Amino acid sequence: MGALPVPAEVRAILLDIEGTTTPIAFVQETLFPYIKDNVKEYLRIHWEEEECQCDVGLLRKQAQEDSSLDGAVLIPLESGSGEEELERVIQAVVDNVHWQMSLDRKTTALKQLQGHIWRTAYAAGHVKGKIFEDVVPAIRKWREAGMKVYIYSSGSIEAQKLLFGYSTEGDILELFDGHFDTTIGSKVESESYRRIAASIGCATNNILFLTDVPREANAAEEAEAHVAVVIRPGNAGLTDDEKSYYSLISSFTELFLPSST
């Protein structure tokens with residue numbers, strides 16, 4: 001690894017979050033445990049709110065789609081009133097969320113509820129988004145050089161904005177020109193990157209995608225986007241073939257923009 005020249009045709013840099021801008025440990029050891037520990041209390045407090053009912057409705061629909069999967073947890077409709085009935089339904093939602101998280105599911109229904117729970121956590125100061133120290137200075141340089149910078153994560157757009165809005169570096173949302181999540185498509189499907197290019201008004205080969213996940217890099221490459229795989233502490237190891245095939249960086253400072261000459 002070392003200086004990695006960015007192709008002259010690149011106009012936009014698309015960033016993954018977990019393992020790329022943010023330590024995997026923060027997501028695995030802070031954000032996810034917060035959901036598991038607080039989802040039941042959150043549901044009890046917000047149950048009657050329209051947003052919460054919308055979240056539960058999406059989870060219920062997803063549960064129906066997952067009904068044939070081993071261990072899937074269905075979420076019943078409330079069949080009556082009273083605390084006991086409410087607790088029964090809430091517990092089913094909690095069990096469904098825990099089941100999905102145990103399988104590292106990326107469903108939009110799960111991510112939407114997680115984003116709303118994290119919103120309360122960030123706003124209360126219980127959580128601050130962690131950012132690798134090289135990220136902010138590098139993005140500022142890219143933007144000064146005329147690059148557009150976007151985020152593409154399996155976490156909901158709201159969760160992304162919370163992480164960067166309440167980060168250890170302060171509110172850094174101004175650094176990003178837009179956000180994408182799984183509503184535009186899975187990160188391991190090439191069509192998602194074509195949709196992103198169309199959305200931001202460029203060709204796929206005008207995009208450089210940075211991610212720690214080779215399957216995502218492969219999907220972006222199939223769409224003719226440029227890719228680099230990010231090596232960070234705590235990230236999954238790469239095979240020898242992956243190391244030799246992909247462009248690798250361990251810091252955003254290793255990207256060399258032609259316009260910076």
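Residues numbered from 1 in each chain as written. Predicted model: local features only at pLDDT ≥ 70, side-chain atom pairs only at ≥ 80, totals over all residues. Heavy atoms only, no water.

A closer look at the sheet that holds strand S4 (residues 178-180)
Then, in step 1: Pairing is parallel in the open sheet, where six strands are placed in the order S4-S3-S2-S5-S6-S7. The open sheet has two free edges, formed respectively by S4 and strand S7 (248-249), since each of these has just one partner strand.
Then, in step 2: The pairing of strand S6 (residues 226-230) with S7 spans two bridges and is parallel. Among the inter-strand pairings, Val-230 is bridged to a residue of S7, identified as Ile-249. (Pairing = 2+ DSSP bridges. Helix = DSSP H or I, 4+ residues; strand = E, 2+ residues; numbered from the N terminus.)

What to know about the pairing of S6
Then, in step 1: For S6, the buried fraction is high: four of the five residues fall into the buried class.
Then, in step 2: A crossover connection joins strand S5 (residues 207-211) to the parallel S6 through helix H8 (residues 214-222); in handedness this β-α-β unit is right-handed. (Buried < 20%, exposed > 50% of the residue type's maximum accessible area, 1.4 Å probe, protein only. Right-handed = clockwise from strand over helix to strand, strands pointing away.)

What about the packing of helix H1 (residues 24-46) against helix H3 (residues 83-102)?
Then, in step 1: One can describe the packing of H1 onto H3 by two numbers: an axis separation of 9 Å at closest approach and a directional angle of 165°. On the basis of the axis angle, H1 is roughly antiparallel to H3. Both H1 and H3 take part in a crossing whose hand is right-handed. Contact residues: H1 offers Phe-32, Ile-35, Lys-36, Val-39, Lys-40, Leu-43 and Arg-44, while H3 offers Glu-87, Ile-90, Gln-91, Val-93, Val-94, Val-97, His-98 and Met-101. (Axes fitted to C-alpha atoms, helices over the stretch in contact; angles between N-to-C directions. Parallel < 35°, antiparallel > 145°, perpendicular 65-115°, else oblique. Left-handed = near helix turned anticlockwise from the far one by under 90°. Contact = heavy atoms within 4.5 Å.)

What to know about the side chain of Ser-192
Then, in step 1: Here Ser-192 is to be found in helix H7 (residues 190-200).
Then, in step 2: Here Ser-192 is in contact with Tyr-152, Ile-184, Gly-185 and Ser-186, once residues within four sequence places are set aside.

Examining the domain arrangement of the protein chain
Then, in step 1: The domains assigned to the protein chain are domain 1 (4-22 + 129-256) and domain 2 (28-124).
Then, in step 2: At the interface, 12 residues of domain 1 touch 10 residues of domain 2.
Then, in step 3: Linking domain 1 to domain 2 there are one salt bridge.
Then, in step 4: One can count four residue pairs in polar contact (both at pLDDT 80 or more) joining domain 1 with domain 2. (Domains from an automatic or database assignment. Salt bridge = Lys/Arg side-chain N within 4 Å of Asp/Glu carboxyl O. Polar contact = N/O pair within 3.5 Å; in protein donor to acceptor, adjacent residues only side chain to side chain.)

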